[in-house]
Amino acid sequence: LAAGERKLDWAARLYDYLFPILCTADKARAHGQDELPDALCWLLRQDPTQPLGFSGGQHYDALTAQIIDGDPLFDGIRSDAKYQVMVYWARYLGLAERLTIKPVAEKVIADPSRAIAARLPEIFADELELPMQTFIQRLGAHIPVLDGGQVWNEMDGRLKAPTQAHAHLSQATSFALLRLEHAGKIKLAAISDAGAWELRVGRETKFPSQITYLETSK
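A short tour of the structure in this document, coming up. Note that the coordinates shown come from a computational prediction; the quantities given were computed from them, not determined experimentally. (Residues numbered from 1 in each chain as written. Predicted model: local features only at pLDDT ≥ 70, side-chain atom pairs only at ≥ 80, totals over all residues. Heavy atoms only, no water.)

### As for the overall build of the protein
Inclusion rule: Each helix corresponds to a stretch of at least 4 residues labelled H or I by DSSP, and each strand to a stretch of at least 2 residues labelled E; elements are numbered beginning at the N terminus. A radius of gyration in this sense is built from C-alpha atoms; the matching globule rule multiplies 2.2 Å by the number of residues raised to 0.38. Accessible area is worked out with a 1.4 Å probe on protein chains only. A residue is then buried under 20% of its type maximum, exposed over 50%, and partly exposed in between. What makes two residues a contact is simply this: any of their non-hydrogen atoms within 4.5 Å. Using a 1.4 Å probe, accessible areas were evaluated by the Shrake-Rupley method; residue-level cover was limited to the displayed protein chains. Positive charges come from Lys and Arg alone, negative charges from Asp and Glu alone, with His and the N- and C-terminal ends not counted. Where a charge sits is defined by one atom per residue type, namely NZ (Lys), CZ (Arg), CG (Asp) or CD (Glu).
Across its full length, the protein holds 10 helices and eight strands. Scaling as 2.2 N^0.38, a compact globule of 218 residues should have a C-alpha radius of gyration of about 17 Å, and the protein matches this with 18 Å. Summarising its shape, the C-alpha atoms of the protein cover approximately 55 × 45 × 40 Å along the three principal directions. Considering the protein as a whole, with its 218 residues, one finds that 44% of them fall into the buried category. In the protein, the proportion of contacts linking residues at least 24 apart, taken out of those at least 6 apart, comes to 59%. By element, 54% of the accessible surface of the protein is carried by carbon and sulfur atoms, the whole surface being about 11400 Å². For the protein, the distance from the average position of its 24 positive side-chain charges to the average position of its 28 negative side-chain charges is 6 Å.

### A closer look at helix α6 (residues 80-92)
Quick reminder of the rule: Here the expected span of a helix is defined as 1.5 Å times the quantity of residues minus one. Read the arc as the range of directions from the helix axis to the C-beta atoms.
With 13 residues, α6 ought to run about 18 Å at 1.5 Å a step, and its terminal C-alpha atoms sit 18 Å apart, in line with that. Buried residues of α6: Tyr83, Gln84, Met86, Val87 and Ala90, and no others. Along the axis of α6, the buried positions cluster into a sector of 160 degrees, meaning they face one direction only. Structurally, α6 contributes buried residues whose contacts are with α3 (36-43), β1 (52-53), α4 (58-66), α5 (73-77), β2 (96-101) and β3 (105-110).

### Considerations on the nonpolar core
Heads up, the condition is: Side-chain atoms within 4.5 Å link the members of a nonpolar core, which is a set of buried Ala, Val, Leu, Ile, Met, Phe, Trp, Tyr and Cys residues.
Residues Trp42, Leu95, Ile116 and Phe135 are the most contacted members of the largest nonpolar core, which totals 60 residues. Sequence-distant contacts of Ile116, that is, excluding residues within four places in its chain, are made with Phe135, Leu139, Ile143, Leu146, Thr173, Ala176, Leu177 and Leu180.

### Quick look at the environment of Gln58
Note that Gln58 resides in helix α4. Overall, the relative accessible area of 32% leaves Gln58 in the partly exposed class. The sequence separation of Gln58 and Asp80 amounts to 22 residues, and the corresponding C-alpha distance is 9.2 Å. If we skip the residues at most four places from it in the chain, Gln58 touches Pro51, Leu52, Gly53 and Lys107.

### A look at the sheet that holds strand β5 (residues 186-189)
Worth spelling out the cut-off: Following DSSP output, two strands are said to pair if at least two bridges run between them. The convention used is that axes are lines fitted to C-alpha atoms, helices contributing only their stretch in contact, and that angles between N-to-C directions extend from 0 to 180 degrees.
Pairing is antiparallel across the open sheet formed by three strands, whose spatial order is β4-β8-β5. At either end of the open sheet lies a strand with only one pairing partner, and these are β4 (129-131) and β5. When strand polarity is set aside, the average angle formed by the axes of neighbouring strands in this sheet is 20 degrees. Relative to strand β8 (residues 210-213), β4 runs antiparallel, the two being bridged by three bridges. Along β8, the bridge assignment pairs Leu130 with Ile211. On the sheet, helix α8 (residues 132-142) packs against β4, β5 and β8 and is oriented at approximately 95 degrees with respect to β4.

By themselves these figures say nothing about function.
This is the structure we're talking about:
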């Protein structure tokens, strides 16, 4: 490598290269990673206040309860080993976190905070405020495994129970947006009832209709 290129953030460039490949169905399929976007999307539908175990088969019990029998996703992450590989990728991509509870328990939390934060500049582009509807549409376009994305929408037909009603965000995305607001990166505001989306995590509920990007103002 040329001397000047050594100063580039190669880890960030690799992340930016891999993210769309591993989160977009057609790109993942072209690279032999067919099941990964579906598995990531399923993980992001889990309740972050009720983390899954990292081992012990708890994830398979959740799959059985949520996904239609015979779905190919069962083969994709049936075993602990395959599930754990998916968790490693989810954590690398900023879509989940692992929590170690001493002495031995390890939990997996659906939390796309880091992935969303990394894409805020692209989502907002040259704007600082967006209606929630517009933000969610752009979020799904940049992260297809989240609410409104292609992978997310296709997963709806594979669930035993219908997905949340329109204008209700998943708990994982709600959790991430509330975390980003707490960190001072965004501001969620209820400007009007029209266009409001429900964010719900555990007992906390919010109904924002507008989101403001604060990072560039610091």
